[in-house]
Amino acid sequence: MAKARRLGVKLLMSVIRIATLIYVGLTLLLFFTQARYIYQPDVGRDITSTPRDASLAYEDVWLDVAPGVRLHGWFLPHPAARGAVLFFHGNAGSIAGRLGWLRLFHDLGYATFIIDYRGFGRSSGKPDEQGTYADASAAWRYLTATRGIAAQDVVIVGESLGGAVAAELAARVSPRALVLQSTFTSIPDLAADIYPWLPVRWLSRFDYDTASRLAQVAAPVLVAHSPDDDLIPFRHGQTLYARANEPKRFIELAGGHNEGFLFARPEWTLALDEFLRGAERH
């Protein structure tokens, strides 16, 4: 009996050691590879669409941001522009996969400037958090300084990761409005939702603290999120809306993270248009 107990204890200790090694291994793997989960520029590398494919006129724009970092973007003029949209896309793919957004803004009467972050699309360099903020600043300077568009005529829009970039920029400048779609409150918050069994808040080397930045934004804010979002839980959108200052509006979308876009349904587009018209008068 005693021998059987000793064997049982040894077996239990072996299982605990193996489980501990696996847990530590997963923790270290996540720590060193987390950038791969946040930035996925290789998704859709084979997509070569341009606004011309959506019957939209555009100009190629190149911005030299730092040594070895040259950003590529598109500026889409509008013959009777109500303003200009500065758009920041999510963590995967490039501007070539965002034609639906470009068509939306054109149909709403806005000129649009959209860029690929460093390392994405045709932009050179390697992405990192501070780098994406610098890229956003460069895009803002292009619109307001190079093209001479007044700050109060610029609407900053971001989807998913781009929402965090958009909120950080909007907290530092004075745009007409800020629009966030399917955006998280912060990277540590999102990581804790995805990996609740790992100490991700301690491990995270990225912040992208959208909620904190949003509280500093003085412009009108629109938050759009879907209860069906399979990547960023709906409560992130609810929290962002709660943190935003007035005037603000919330649009409840439908569908998964890669389906619930503001341009997907006429009623969502109408709600966005109503918000933007209100922001013009703000």
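Quick look at the structure, then.

1. What to know about the overall build of the chain
Point 1. When its secondary structure is counted, the chain shows nine helices and eight strands.
Point 2. When the 282 residues of the chain are sorted by exposure, 51% land in the buried category.
Point 3. Pairs at least 24 residues apart make up 70% of the contacts formed inside the chain by residues separated by at least 6 positions.

2. Digging into the sheet that holds strand β7 (residues 221-225)
Point 1. Strands sit in the order β1-β2-β4-β3-β5-β6-β7-β8 across an open sheet of eight strands; the sheet is mixed. Of all the strands in the sheet, the pair left with one neighbour each is β1 (59-66) and β8 (248-252). Across this sheet, the average inter-strand angle for adjacent strands is 20°, counted without regard to direction.
Point 2. One ladder, built from seven bridges, connects β1 with strand β2 (residues 69-76); its direction is antiparallel.

3. Considering helix α2 (residues 99-107)
Point 1. Those residues of α2 lying buried are Leu99, Trp101, Leu102, Leu104 and Phe105.
Point 2. Buried residues in α2 make contact with β2, β3 (83-88), β4 (110-115), β5 (154-159), β6 (177-181) and α9 (266-281).
Point 3. Immediately beyond the C-terminal end of α2, within one or two residues, lies Gly109, with a positive phi of roughly 95°.

4. Things to note about the layout of surface pockets
Point 1. Of the voids in this model, the largest pocket is the one considered here, and its volume is about 840 Å³.
Point 2. What lines the largest pocket is a set of 37 residues, among which Tyr37, Gln40, Asn91, Ser160 and Leu231 lie closest to the centre.
Point 3. Of the residues that constitute the lining of the largest pocket, the class distribution is 20 nonpolar, 15 polar and two charged.
Point 4. In this model, the second largest pocket occupies a volume close to 230 Å³.
Point 5. In this structure, the second largest pocket is lined by 19 residues; those nearest its centre are Ile47, Thr48, Ser94, Ala96 and Arg122.
Point 6. The residue makeup of the lining of the second largest pocket, split by class, is seven nonpolar, eight polar and four charged.

5. Examining unusual backbone geometry
Point 1. Cis geometry marks the peptide bond from Glu246 to Pro247, where omega comes out at -5°.
Point 2. Tracing the sequence through the fold places Pro247 in the loop between α8 (234-243) and β8.
Point 3. Backbone geometry at Ser182 places phi at a positive 55°, although glycine is not the residue there.
Point 4. The class of Ser182 is buried, set by a relative accessible area of 3%.
Point 5. With a phi close to 40°, Tyr208 is a non-glycine residue in the positive phi region.
Point 6. Inspection of the secondary structure assignment puts Tyr208 in the loop between α6 (200-203) and α7 (210-214).

6. Let's talk about the pairing of β4
In summary, the side chains of a regular strand alternate between the two faces of the sheet.
Point 1. For β4, a buried count of six out of six residues is recorded, marking the element as mostly surrounded by other parts of the structure.
Point 2. In β4, alternate side chains face the same way, and those of Tyr110, Thr112 and Ile114 on one face and Ala111, Phe113 and Ile115 on the other are all buried.
Point 3. As judged from the four bridges shared by β2 and β4, these two strands associate in the antiparallel manner. In the sheet register, Gly73 faces β4, and the bridge partner there is Ile115.
Point 4. Bridging between β3 and β4 involves five bridges; their strand directions are parallel. Bridge pairing in β4 links Phe87 to Ile114.

7. Here we look at the packing of aromatic side chains
Point 1. Under the criterion given, the structure shown has 13 aromatic pairs.
Point 2. Between Phe234 and Phe250, the aromatic rings sit 5.8 Å apart at their centres with planes inclined by 80°, giving edge-to-face as the arrangement. Note that Phe234 is positioned in helix α8 and Phe250 in strand β8, a separation of 16 residues in sequence.
Point 3. Judged by its relative accessible area of 17%, Phe234 falls in the buried class.
Point 4. The class of Phe250 is partly exposed, set by a relative accessible area of 24%.
Point 5. Each residue in the set Phe87, Trp101, Phe105, Phe261 and Phe263 is aromatic and connected to the rest through ring pairs, giving one cluster.
Point 6. Here Arg147 stacks its cationic end above the ring of Phe75, 3.7 Å away from the centre of that ring.
Point 7. The ring of Tyr241 has Lys248 lying over it, and the distance from NZ or CZ to the ring centre is 4.6 Å.

8. A word on the pattern of salt bridges
Point 1. For the coordinates displayed, the defined rule picks out 15 salt bridges.
Point 2. In this structure, Asp42 engages Arg45 in a salt bridge whose closest nitrogen and oxygen atoms are separated by 3.0 Å.
Point 3. Judged by relative accessible area, which is 57%, Asp42 ranks as exposed.
Point 4. Of the residues examined, Arg45 reaches a relative accessible area of 41% and is grouped as partly exposed.
Point 5. Of the charged contacts, one joins Asp273 and Arg82 as a salt bridge, the two residues approaching to 2.9 Å between their closest N and O atoms. Within this pair, whereas Asp273 is found in helix α9, its partner Arg82 is found in the loop between β2 and β3, the two being separated by 191 residues in sequence.
Point 6. Here Arg82 falls in the buried class, since its relative accessible area comes to 18%.
Point 7. Via salt bridges that share partners, Arg82, Asp153, Arg176, Asp273, Arg277 and Glu280 belong to a single interconnected network.

Cut-off values and rules
Residues numbered from 1 in each chain as written. Predicted model: local features only at pLDDT ≥ 70, side-chain atom pairs only at ≥ 80, totals over all residues. Heavy atoms only, no water. Helix = DSSP H or I, 4+ residues; strand = E, 2+ residues; numbered from the N terminus. Buried < 20%, exposed > 50% of the residue type's maximum accessible area, 1.4 Å probe, protein only. Contact = heavy atoms within 4.5 Å. Pairing = 2+ DSSP bridges. Axes fitted to C-alpha atoms, helices over the stretch in contact; angles between N-to-C directions. 1 Å grid on protein atoms, 1.4 Å probe; cavity = no way out; pocket = protein on both sides within 12 Å on 5 of 7 lines; lining within 4 Å. Points joined across faces, edges and corners; volume = space filled by probe spheres on them. Nonpolar A, V, L, I, M, F, W, Y, C, P; charged D, E, K, R; others polar. Phe/Tyr/Trp six-rings, centres within 6.5 Å; stacked < 30°, edge-to-face > 60°. Lys NZ or Arg CZ within 6 Å of the ring centre and 35° of its normal. Salt bridge = Lys/Arg side-chain N within 4 Å of Asp/Glu carboxyl O.

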